[in-house]
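If you want the building blocks of each chain, they are given just below.
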Amino acid sequence: MLALIEAGYDVEIVDSFVNAKHSVIPRLCELAGRDLRVHEVDLTDRAATEGIFADAAARAAAAGRRLGFDAVVHFAGLKAVGESVAKPLAYYDNNLGSTFSLVEAMARHGIRHLVFSSSATVYGDSYPAPFTEDLPTRATNPYGWTKVMIEQVLRDVAAADPTWRVGLLRYFNPIGAHPSGRIGEDPQGIPNNLIPYLAQVAVGRRAELSVYGDDYPTPDGTCLRDYIHVLDLAAGHVAALDYLWDATEPVGTWNLGTGHGTSVLDMVAAFSRAVGSPVPYRIVDRRPGDIAVSYADPSRARAELGWVASRSVDDMCADTWRWQSANPQGFPDA
Ligand code: UFG
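On a predicted model such as this, the values are computed, not experimentally measured, just so you know. (Residues numbered from 1 in each chain as written. Predicted model: local features only at pLDDT ≥ 70, side-chain atom pairs only at ≥ 80, totals over all residues. Heavy atoms only, no water.)

*Asks:* How should the pairing of strand β7 (residues 209-212) be read in this particular structure?
*Replies:* Working note: regular strand, side chains alternate between the two faces of the sheet. Burial of the side chains of β7 is restricted to one face: Leu209 and Val211 are buried, whereas none of Ser210 and Tyr212 on the reverse face is. With 4 bridges connecting them, β7 and strand β12 (residues 281-284) associate as parallel partners. Paired with Val211 across the bridge in β12 is Ile283. (Buried < 20%, exposed > 50% of the residue type's maximum accessible area, 1.4 Å probe, protein only. Helix = DSSP H or I, 4+ residues; strand = E, 2+ residues; numbered from the N terminus. Pairing = 2+ DSSP bridges.)

Here you go:
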């Protein structure tokens, strides 16, 4: 959102706050240097979603503009892999339902530019890295299937009406935080993902990191992932949106990754450097469902969007640690 504002866009936020705290908003306003319009709406609520678009259309008409919004960046969705295995219907209902409601409202109001948060999870476990965008998609869990399905839904919508311009962004492993230390990742409960877990160990909230397996066919036996700084990821969204204004094809699909794999133990070492002391860890059994190696071929995004990820793993860890050490318990509740 801050990247879009810096690029000159006027942005409104829609969030259900199911996985976010309200106290993030004043901090976003502080960083943006202005007030932000925030709609607390669950997109699966079709009437409330329509209300956002109708309200924007009325404001636009009063100001002599044609559209309430020029484009939508769709990040909404549940994203915990393990939870999706336990609660598949909740994941299909929420992730698909919010997309249907959003796309219908957009179509009703003549808004046909959409950037969607997809995931490298759509490559499943069938192919060797690096992953290129033209590989067939196949997920390994309900969360991943929602991403595969939503990509297909959006391709079908654009095929039915080729005036749509849709960008499907396949994120690899986003980590890091805003360099100000004011906003960052604040998972509810026990973190599922490596970096938030490491950060909570480093800040003293958890005793040690469990490293899931050191017997993979990789140089140090731990899994390789393509970690990407959230600021690079944000820049990828701006680049995709800018591209879509003049795009000749209705749908573009781009990997957002660095093209490099980093092992779990290398991440522990990098995070320890950022903290200035070793972060304790212990090797345990593999986590079911993990693949050994995942990293992007990011060359299409470079060629078509002019986008490359520029921040290093050390930048990612330094920014995560600045956020976590200044906010040991995450965002305040109030
Ligand atoms: N890991 C640990 N200990 C932990 C957590 C993770 O050793 O406590 C390891 C995992 O085994 C894996 C690596 O750290 O090897 C990264 O794990 P993450 O959970 O941080 O990320 P994943 O690659 O498993 O999953 C991420 C997103 C998913 C997305 C997927 C796409 O969390 O939403 O990338 O590839 F689907």
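*Asks:* What should I look at first to understand the sheet that holds strand β5 (residues 165-171) in this one?
*Replies:* Consider a sheet: its strands pair through backbone hydrogen bonds, and that pairing is either parallel or antiparallel. The 4 strands are arranged β3-β4-β5-β10 in an open sheet whose pairing can be described as parallel. At either margin of the open sheet sits one strand with a lone partner, and together these are β3 (72-74) and β10 (251-256). Each strand axis lies, on average, 20° off the axis of its neighbour in the sheet, ignoring direction. Examined bridge by bridge, β5 and β10 share 6 bridges and lie parallel to one another. Counterpart to Val166 in the pairing with β10 is Val251. (Axes fitted to C-alpha atoms, helices over the stretch in contact; angles between N-to-C directions.)

*Asks:* Just to check I follow, could you spell out the packing of helix α3 (residues 46-62) against helix α5 (residues 88-108) for this structure?
*Replies:* For any two helices packed against each other, the geometry is given by the interaxial angle and the distance between the axes. Close contact between α3 and α5 brings their axes to 9 Å; oriented N to C, the two are set at 35°. With respect to the hand of their crossing, α3 and α5 are arranged in right-handed fashion. Packed against α3, whose contacting residues are Arg46, Thr49, Glu50 and Phe53, the element α5 presents Phe100, Ser101, Leu102, Glu104, Ala105, Met106 and Arg108 at the interface. (Left-handed = near helix turned anticlockwise from the far one by under 90°. Contact = heavy atoms within 4.5 Å.)

*Asks:* Mind showing me how you'd approach the environment of His22 here?
*Replies:* Note on placement: His22 falls in the loop between β1 (12-15) and α2 (24-32). The exposure class of His22 is partly exposed, given its relative accessible area of 42%. In this structure the C-alpha to C-alpha distance between His22 and Phe331, which are 309 residues apart in sequence, comes to 8.6 Å. If sequence neighbours within four positions are ignored, His22 has contacts with Phe17 and Glu40.

*Asks:* Would you mind showing me how to read the pattern of salt bridges here?
*Replies:* A side chain with one charge can pair with a side chain of the opposite charge if their charged atoms come near. Scanning all chains against the criterion turns up 21 salt bridges. Residue Arg138 is joined to Asp125 by a salt bridge in which the shortest nitrogen-to-oxygen separation is 3.2 Å. Residue Arg138 is located in the loop between β4 (113-119) and α6 (142-160), and its partner Asp125 is located in the loop between β4 and α6; the two are separated by 13 residues in the primary sequence. Here Glu133 and Arg300 are joined by a salt bridge, their closest N and O atoms 3.8 Å apart. Taken as a pair, Glu133 in the loop between β4 and α6 and Arg300 in helix α10 (residues 299-305) lie far apart in primary sequence, 167 residues in all. On the accessibility criterion, Arg300 (27% relative accessible area) is partly exposed. Linked by salt bridges that have partners in common, Glu12, Arg37, Asp55 and Arg59 make up one network. (Salt bridge = Lys/Arg side-chain N within 4 Å of Asp/Glu carboxyl O.)

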